[in-house]
Structures are given as C-alpha cells and as structure tokens.
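# Reading the structure
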Amino acid sequence: MMTVDSSNTALWIMIVLAGIVLIAIGFAVILPLLKGKRRLPETPQDLGGPQNTSDIQSTVQLEKEESILAPSTTLRQALSQTEQNLFGRLKGIFSSEAQNKHFDEIEEVLYTSDLGPQTVERLMDAVKNQLSRSERGNIDLVKLALRHEFEDIFAKAQINEPDPQHPANYLHLDSKPSVWMIVGVNGAGKTTSIGKLAAHLGFANRKVLVAAGDTFRAAAGNQLKTWTDRAQVEIFSPPGVTDPSAVAFDACAKGASQGYDVVIVDTAGRLHTQTNLMEELKKMKRVMAKSIPGAPHEVLLVLDANSGQNALIQAKQFHEALGVTGVVLTKLDGTAKGGVAVGLANELKIPIRFIGVGEKIGDLRPFSAKEFVESIL
C-alpha cells in the first residue's frame, strides 16, 4: 500500500485554494466590465488620487468665460465696409497719372468718409506738407502720411492701448464704488452696451450694480433686467419710483454701503436737441455727486456709428452738457461710416473706450487705435 507525504498534500491543497481565489477575483472584475457596469480607471481620481473638484470647476468656468467673451469676428473683418469706403476708394483714383487730379479726389474721398470737415482739412494739410507733388501720386506714400496723422489724432485724444485680458481697466475703477453714467439717444445701443460692460466687469470678479435710471420708457427696465441676468449682476430698479434722479441717488448709496465695485447708471435715451431732457441729465449728475463725492467717475456716451456726421453733432451737445469722459461707438460692423471715430477724436479730443462690432458680449471690445488704423488703411 502506497503512502502520501503529508507535506506534499498540504502544498497541493494550498495551490488549489489559491487557484480558486484567483478565479473568483477574475469573475468579480471581468463580469461587471462585460455588462458595462464598470469602467477601467482613466483619471488620477479613478486611481485613488486627489479629487481637485475646485480645480476642475475653475477650469470649466474659465473655458465658459473665454467662450462668452471671445469676439465673433476680427476687427479687420468688422471694419471691411469702412475700409472699402475709405482706402478702397483711394486706391481707385490712382489709375491715372494726373497728380493734381489725385489730390483733388483724395479730398473728395475724405469728405465723404464721415471724418468731419476739420479732420479732412488737417489730413489734407498733412499730405500737402509731407509729400511733394510727385509723391502725392504714390498711393503708398499717401497712405503712410494719412496713417501717421490718424495715429497722432488718437494719441492726442489720450486713447491708450487697452489690456486685452482686462478690457475695462482703462475706465475709472479706483473708487469704491466707481460710478459710471451711461447716456445716449434711443436706438444707439445703450441698454445692450450696459449689459455687455456689466458682463466684462462681472467676469473680472467685480461686484456690479446696474441702476435702471430710464424711468420714462416702460420696456427699458425689462430689457435691462434681461441683460443683467445674462451678465449675472444685480439690477437696482425700485418699484414705484419714477424720478430718475432718485433712482440714481439711491443706487449710489446702496453701492457705497454694500461694497459694490462699480455702479452703472442707465439714463433715458433722448435727442440732444431736447433741452428739458438734457437738463434732467444734468440734475442726475449733480445728485450722484451728492450721494458720492466725485461721482459719476465716468460719463460714457453711446453713439451709433451708422449716424455718421450726426454722431459728431450728438457728441458735441452731450459733451457740452455733461463733460463726456469716453465714447462707446456701436454697430461698426454694419456700416461704412467708421471714419466718425477719427472725427470724434480729432474735433472733441474725447477718447473712444469701447466699440461694438457684433451681437456677442465679446463683440463689445476695448478700442485699440493701432488696430483700428491698421484695419481701415
């Protein structure tokens, strides 16, 4: 009779048991995978690493903000009609060799490009003084002379190059709160501009309060509420208050007491020729100063570029009444009259702060004189 070594028996039992355990583990892992109930580890979190939830949320939020604030087109594309109206027509008159004819036609093109008569006179003097008679027949030299003069005009209007990462930073933000009064005629894009400005500030982590100071127009408050909801900032629209100066005063007081960074005060759209309504704007400005000394720190005039020379007239009247500190020039993407920007800077020395070139929030973009000149000449 054969005997079995007890030590060998124990070894075989251990091997069998280990095999059974491995088979069980295999089934436990493979079966759920086959049924689609479990996925293979793909991220550090799956492998037991740190969750970093706040980092993930911050990245998602940043990508969302970058998408919202991204312009829908380049400035050159947006200003293509203005470029064609100005430089496109200039190129067209340089086909003959008659230099005197060139000079006369240059003047005609400039006069019909919504630059304004004072600006045209300055530009023609520059071409005449910088170029000889023969050089005036060279479109590249004419273009260079005009470009230098445009750049000098914008520089003397104290238009600094903006910081693309912080587009609102060259507006007044030193006070807390900084108070911005927004004025302009109906249809210029005032409400839309306020909403987009508020969005820029909100995404820059500024605490913003928008005051619904246009109490004359029933739909104005609702339109502003739509934009403030979209910009994720607070609106101040006290029920039953119909005096715009009272709204402005109380908004400034709330902004000061509750730690807001910026208070944006909307006003009723009105024609610059309506004297009584312009007087109401002057009253609102005085009332803001009583609530917060030095307010408003910015008086921003919203102008529709499509209005051409009429925009210059509006700007003169509003500036005389209120002391405009900056211009928001809207609807530049749909007009050939963008030359009005040069006229505003030259005749009134008012800096252009923002331009509107589309429907997106990011299409209200800080004005870059350098980019503007390169886009139209």
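Residues numbered from 1 in each chain as written. Predicted model: local features only at pLDDT ≥ 70, side-chain atom pairs only at ≥ 80, totals over all residues. Heavy atoms only, no water.

A separate point is the pairing of strand β4 (residues 262–265). Across the two faces of β4 the burial is the same, with V262 and I264 and V263 and V265 all buried. Taken together, the four bridges between strand β1 (residues 178–183) and β4 define a ladder with parallel strand orientation. Bridge assignment links V179 to a residue of β4, and that residue is V263. As judged from the four bridges shared by strand β2 (residues 208–211) and β4, these two strands associate in the parallel manner. In the sheet register, A211 faces β4, and the bridge partner there is V265. (Buried < 20%, exposed > 50% of the residue type's maximum accessible area, 1.4 Å probe, protein only. Helix = DSSP H or I, 4+ residues; strand = E, 2+ residues; numbered from the N terminus. Pairing = 2+ DSSP bridges.)

This paragraph deals with the sheet that holds strand β7 (residues 352–356). If you trace the eight strands from one edge of the open sheet to the other, you get β3-β2-β4-β1-β5-β6-β7-β8, paired in mixed fashion. Two strands in the sheet have a free side with no partner beyond their single neighbour: β3 (234–236) and β8 (364–366). The mean angle between the axes of side-by-side strands here comes to 25°, regardless of whether they run parallel or antiparallel. Examined bridge by bridge, β7 and β8 share three bridges and lie antiparallel to one another. Counterpart to I355 in the pairing with β8 is R365. (Axes fitted to C-alpha atoms, helices over the stretch in contact; angles between N-to-C directions.)

With that out of the way, let us pick up the packing of aromatic side chains. By the definition in use, this model includes three aromatic pairs. An aromatic cluster is present here, built from F154, F367 and F372 joined pairwise through their rings. The ring centre of Y260 lies 4.5 Å from the NZ or CZ of K207, which sits over that ring. (Phe/Tyr/Trp six-rings, centres within 6.5 Å; stacked < 30°, edge-to-face > 60°. Lys NZ or Arg CZ within 6 Å of the ring centre and 35° of its normal.)

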